[in-house]
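Chain by chain, the residues run as shown.
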Amino acid sequence: MIDSGPKGATQAARRATVAKHLSMGLATVLAILALAALGASYFSYATVLRIAIGSSSDDQVLRGAGTLLSAFHKIVVSLRLCSAGLGLAALLAILCRNRIQTWIAEALLPMPQFLRGVAGSVLGGLKADGKLNAGVLLGLFLLGVAFRVRFLFRPIRFDEADSFITFASRPLYIGLSWYPEPNNHLLQTLLMHFAWRFFGDHEWALRLPALFAGSLLIPMTYWAARQLYDKNSALIAAGMIAAASPLVGYSVEGRGYTILCVLFLLLVITTQYLIEHDSPPAWLLWVLIAALGFYTIPIMLYAVGTAALWLALSTTGMEPKRSRGQCLARLASALFFTGALTVLLYTPVLIVSGWRSLLSNPHVQSRTVAYLLANFGLNVSQTWRFWTTDVPLPLAFVFTAGFLIALLNHTRPAGHRVPVPLAAALCIPLLLLAQRVVPYARIWIFLLPLCAAVSAAGLWLSIRRLGRIESHASRVAAVAALGVFAFMSVCDLRGTSLSSSPLDGIENTVVWIQGHLKQGDTVMATGGIRAPLSYYFRLHGVPLVSRPAPCNPIAIAAYTFKGTFHRNPAGGETQFLMMTAGKRESLESF
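Residues numbered from 1 in each chain as written. Predicted model: local features only at pLDDT ≥ 70, side-chain atom pairs only at ≥ 80, totals over all residues. Heavy atoms only, no water.

(A) Molecular detail of the overall build of the protein chain. Helices and strands together make up the secondary structure of the protein chain, namely 26 helices and 2 strands. Taken over 590 residues, the protein chain has a buried fraction of 46%. Contacts in the protein chain between residues far apart in sequence, at least 24 positions, make up 78% of those at least 6 positions apart. Accessible area of the protein chain: about 28,800 Å², with a carbon and sulfur share of 66%. (Helix = DSSP H or I, 4+ residues; strand = E, 2+ residues; numbered from the N terminus. Buried < 20%, exposed > 50% of the residue type's maximum accessible area, 1.4 Å probe, protein only. Contact = heavy atoms within 4.5 Å. Areas by Shrake-Rupley, 256 points an atom, 1.4 Å probe, with all protein chains shown as cover.)

(B) Representation of the pattern of salt bridges. With the rule as written, the count across this model stands at 5 salt bridges. Glu253 is the salt-bridge partner of Arg154, the closest N and O atoms lying 3.8 Å from each other. Of this pair, Arg154 sits in the loop between helix H6 (131-150) and helix H7 (158-168) while Glu253 sits in the loop between helix H13 (245-251) and helix H14 (257-276); the two residues are 99 residues apart in sequence, bridging distant segments of the chain. Among the residues examined, Arg154 registers a relative accessible area of 9% and is labelled buried. (Salt bridge = Lys/Arg side-chain N within 4 Å of Asp/Glu carboxyl O.)

(C) Spatial organisation of the packing of helix H5 (residues 111-129) against helix H15 (residues 280-296). With their axes 9 Å apart at the nearest point, H5 and H15 run at an angle of 85 degrees to one another. Between H5 and H15, the crossing angle belongs to the class labelled roughly perpendicular. Along the contact surface, H5 presents Met111, Phe114 and Leu115, while H15 presents Pro281, Ala282, Leu284 and Leu285. Split by residue class, the contact of H5 with H15 holds 7 nonpolar, no polar and no charged. (Axes fitted to C-alpha atoms, helices over the stretch in contact; angles between N-to-C directions. Parallel < 35°, antiparallel > 145°, perpendicular 65-115°, else oblique. Nonpolar A, V, L, I, M, F, W, Y, C, P; charged D, E, K, R; others polar.)

(D) Representation of helix H22 (residues 420-435) within the structure. With 16 residues, H22 extends 22 Å between its outermost C-alpha atoms, agreeing within 8% with the 22 Å of an ideal straight helix rising 1.5 Å per residue. Listed as buried for H22 are Val420, Pro421, Ala423, Ala424, Cys427, Ile428 and Leu432. The buried residues of H22 all sit within an arc of 135 degrees when viewed along its axis, so they share a single face. Residues of H22 that are exposed and point more than 90 degrees away from the buried face comprise Leu430 and Ala434. Among the structural elements, helix H11 (208-228), helix H16 (300-314), helix H20 (369-387), helix H21 (393-408) and helix H23 (448-466) are those in contact with the buried residues of H22. One or two residues past the end of H22 sits Arg436, with phi positive at roughly 55 degrees. (Expected span 1.5 Å × (residues − 1). Arc of directions from axis to C-beta.)

(E) Geometry of a nonpolar patch on the surface. Residues Val18, Leu22, Trp103 and Leu108 make up a contiguous nonpolar surface patch of roughly 320 Å² in combined accessible area. Take Leu22: it is sitting in helix H1 (residues 6-40). (Patch = residues over 30% accessible without salt bridge, like charges linked within 9 Å, V, L, I, M, F, W, Y side chains within 5 Å.)

(F) Expanded view of the side chain of Asn183. Considering the arrangement of structural elements, one finds Asn183 in the loop between helix H8 (172-175) and helix H9 (186-199). Separated by 2.5 Å, the side chains of Asn183 and Arg255 make a polar contact. Setting aside residues no more than four positions away along its own chain, Asn183 makes contact with Asp159, Asp162, Ser163, Phe167 and Arg255. (Polar contact = N/O pair within 3.5 Å; in protein donor to acceptor, adjacent residues only side chain to side chain.)

(G) Main features of the packing of aromatic side chains. For the structure on display, the rule yields 18 aromatic pairs. Taken together, a centroid distance of 6.4 Å and an interplanar angle of 80 degrees make the contact between Phe147 and Phe485 edge-to-face. Placement of Phe147 in helix H6 and of Phe485 in helix H24 (residues 473-494) is noted, with a sequence separation of 338 residues between them. Between Trp444 and Phe446, the aromatic rings sit 6.5 Å apart at their centres with planes inclined by 50 degrees, giving tilted as the arrangement. (Phe/Tyr/Trp six-rings, centres within 6.5 Å; stacked < 30°, edge-to-face > 60°.)

(H) How the structure looks around the environment of Ser279. Structurally, Ser279 can be placed in the loop between H14 and H15. Of the residues examined, Ser279 reaches a relative accessible area of 9% and is grouped as buried. The spatial distance from the C-alpha of Ser279 to the C-alpha of Phe114 is 9.3 Å, given a sequence separation of 165 residues. In contact with Ser279, other than residues within four places in its own chain, are Phe114, Tyr273 and Leu274.

(I) Examining the nonpolar core more closely. Counting residues in each nonpolar core, the largest one holds 108 residues, and the members touching the most others are Trp286, Tyr302 and Phe446. A per-element tally of this core places H14 first, with 13 residues. Beyond its immediate stretch of four places on either side in the chain, Phe446 contacts Leu260, Cys261, Phe264, Tyr302, Ala303 and Ile428. With 20 residues, the next largest nonpolar core counts Phe164, Met192, Trp196 and Val523 among its residues. (Core = buried A, V, L, I, M, F, W, Y, C linked by side-chain atoms within 4.5 Å.)

(J) How the structure looks around the packing of H15 against H16. Between H15 and H16, the shortest axis-to-axis distance is 8 Å and the interhelical angle comes to 155 degrees. Accordingly, the angle class assigned to the pair H15 and H16 is roughly antiparallel. When the axes of H15 and H16 are compared, the crossing they make is left-handed. The residues of H16 that touch H15, namely those facing Trp283, Trp286, Ile289, Ala290, Gly293 and Phe294, are Met300, Leu301, Val304, Ala307, Ala308 and Leu311. Counted by class, the contact of H15 with H16 contains 11 nonpolar, 1 polar and no charged residues. (Left-handed = near helix turned anticlockwise from the far one by under 90°.)

(K) The arrangement of unusual backbone geometry in detail. Although it is not a glycine, Asp390 adopts a positive phi angle of roughly 70 degrees. Here the phi dihedral of Arg436 falls at roughly 55 degrees; this positive angle occurs in a residue that is not glycine. Following the sequence through the fold, Arg436 ends up in the loop between H22 and H23. Under the relative-accessibility criterion, Arg436 is labelled partly exposed at 31%.

(L) Quick peek at the side chain of Glu253. When its relative accessible area of 10% is taken as the criterion, Glu253 is described as buried. Setting aside chain neighbours within four positions, we find Glu253 in contact with Arg154, Arg157, Asp159, Glu160, Arg207 and Ala210.

(M) Fine view of the confidence of the model for the protein chain. The predicted model of the protein chain has a mean per-residue pLDDT of 84, with 86% of residues at 70 or higher. For the stretch residues 550-571, pLDDT sits under 50, and the model shows 45 contacts to residues farther than four places along the chain or on other chains. This stretch, residues 581-588, has a pLDDT under 50; its non-local contacts, to residues over four places away or in other chains, come to 8 contacts. (pLDDT = per-residue confidence, 0-100.)

(N) Focus on the environment of Tyr371. Here Tyr371 is to be found in helix H20. Taking the C-alpha atoms as reference points, Tyr371 and Arg436, 65 residues apart in sequence, are found 8.3 Å from one another.

In structure tokens:
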């Protein structure tokens with residue numbers, strides 16, 4: 001019921017005033033940023049060098065001065081282009097202020113009330129699911145967190161060590177603008193930086209953002225599966241995710257993949273809501289989630305494309321009172337604003353590192369269509385092996401059967417007409433064909449919680465068909481969820497993917513070398529252990545200066561991290577050679 005009395009008129013007037021001030025504030029901020037970018041473009045190289053490096057003695061930062069010098073002209077041009085773009089945006093914000101004010105009044109200002117409604121709906125849904133479901137979900141969450149914490153203190157891996165040493169341990173103006181490779185997951189870098197500042201540079205501290213997101217995946221999977229299917233399927237899906245080896249592994253590795261998984265589930269949930277409701281705050285939330293996903297890792301492109309196509313395909317089943325054209329127009333606007341916000345977030349990267357670092361680095365360079373087709377099957381095989389890590393083959397086939405059963409009987413367990421995996425299967429190959437790239441298997445990990453939800457729905461449908469269990473369905477689902485978690489966690493513990501690594505002995509090696517080092521000695525390492533080696537030298541307070549090859553002739557060899565070495569009979573400097581276990585490169589080739 002709309003309040004048309006004096007109180008309602010007063011609230012509407014107040015809301016209009018706030019929207020007016022916010023729209024003018026937006027234009028002012030954009031204008032200030034434009035002037036700041038223009039002013040910064042007139043700084044001399046010496047001034048920028050003094051601001052960026054100052055009195056730092058970090059060798060890697062000092063060597064970055066040469067990179068800054070070679071790219072300085074491009075940075076100046078990028079700053080002026082950025083200034084022009086921000087100035088144009090400020091002008092458009094002034095010209096379109098009435099439309100912006102309407103958008104603020106309809107989408108932004110009601111957001112707190114909308115989020116309170118979402119929280120109330122979640123709590124109400126848990127109450128409706130019953131105490132048993134809520135209790136088992138809480139138990140799965142606590143067990144999942146405890147299971148992840150068990151591996152939280154394992155030796156650091158290469159990618160997370162490289163992320164910390166190269167990006168997160170730097171000042172934020174370096175870490176969030178220097179993008180030499182896709183290993184810089186910007187949102188994860190930001191969170192890891194603050195985790196390091198608050199808790200120190202121990203392995204567990206650097207992994208806290210990933211651990212939080214990985215633990216949150218358990219209730220998020222339940223919520224998404226409950227929205228798409230039912231409470232019992234959701235409980236089984238939560239049990240799967242709580243002990244899924246790839247997700248457990250990335251929950252205790254300082255990377256952005258678990259954050260991306262959470263954001264994709266939020267995007268699916270929001271999209272499901274938009275299929276049923278035309279809500280401006282929900283559209284704004286959709287844009288914010290998508291942009292944060294892109295800021296985490298650019299592979300959010302596949303997740304956003306999947307959600308957008310699913311929403312577009314689902315418009316065919318909307319109620320007559322809702323215009324399909326209007327929904328598609330809102331979706332197009334949401335995609336546009338997602339792109340605009342993503343570009344704004346990546347502005348420091350575009351200025352300092354350039355657009356080629358994002359769109360044309362060696363990891364995303366376009367290949368031929370023949371190469372793509374030739375390696376597509378291999379990528380599918382690698383993804384299968386990655387997703388089923390530590391899962392016995394019979395259980396993997398059971399999960400796959402559940403997935404296929406849910407798709408073939410989609411209209412029965414689901415409350416929506418178009419299955420999300422179908423949208424992914426249609427969208428992702430087209431994007432890969434347009435990009436002509438073959439991503440790593442880990443890229444598709446964001447789909448794993450969704451596929452677990454679909455598989456759980458198919459398994460639950462099969463369980464229901466086996467007998468009449470309606471009177472005690474919640475108990476059966478609870479036993480199934482806990483059983484799946486228990487069995488998968490035992491398989492994880494018996495496996496080696498979570499508990500062992502070729503780098504397990506590296507910290508002990510660093511401690512050994514520390515006792516033999518003297519000033520002027522050289523430590524050389526293969527690429528795969530360079531970052532972990534630098535991390536542990538830093539952790540133990542060894543002032544190691546990192547430099548690229550070529551180096552002096554090798555006088556110390558340390559194979560498989562053992563203390564096998566030969567002293568230079570002439571004395572003087574000593575060279576240590578580090579290699580991973582199992583590698584047998586000759587000293588000459590190294």
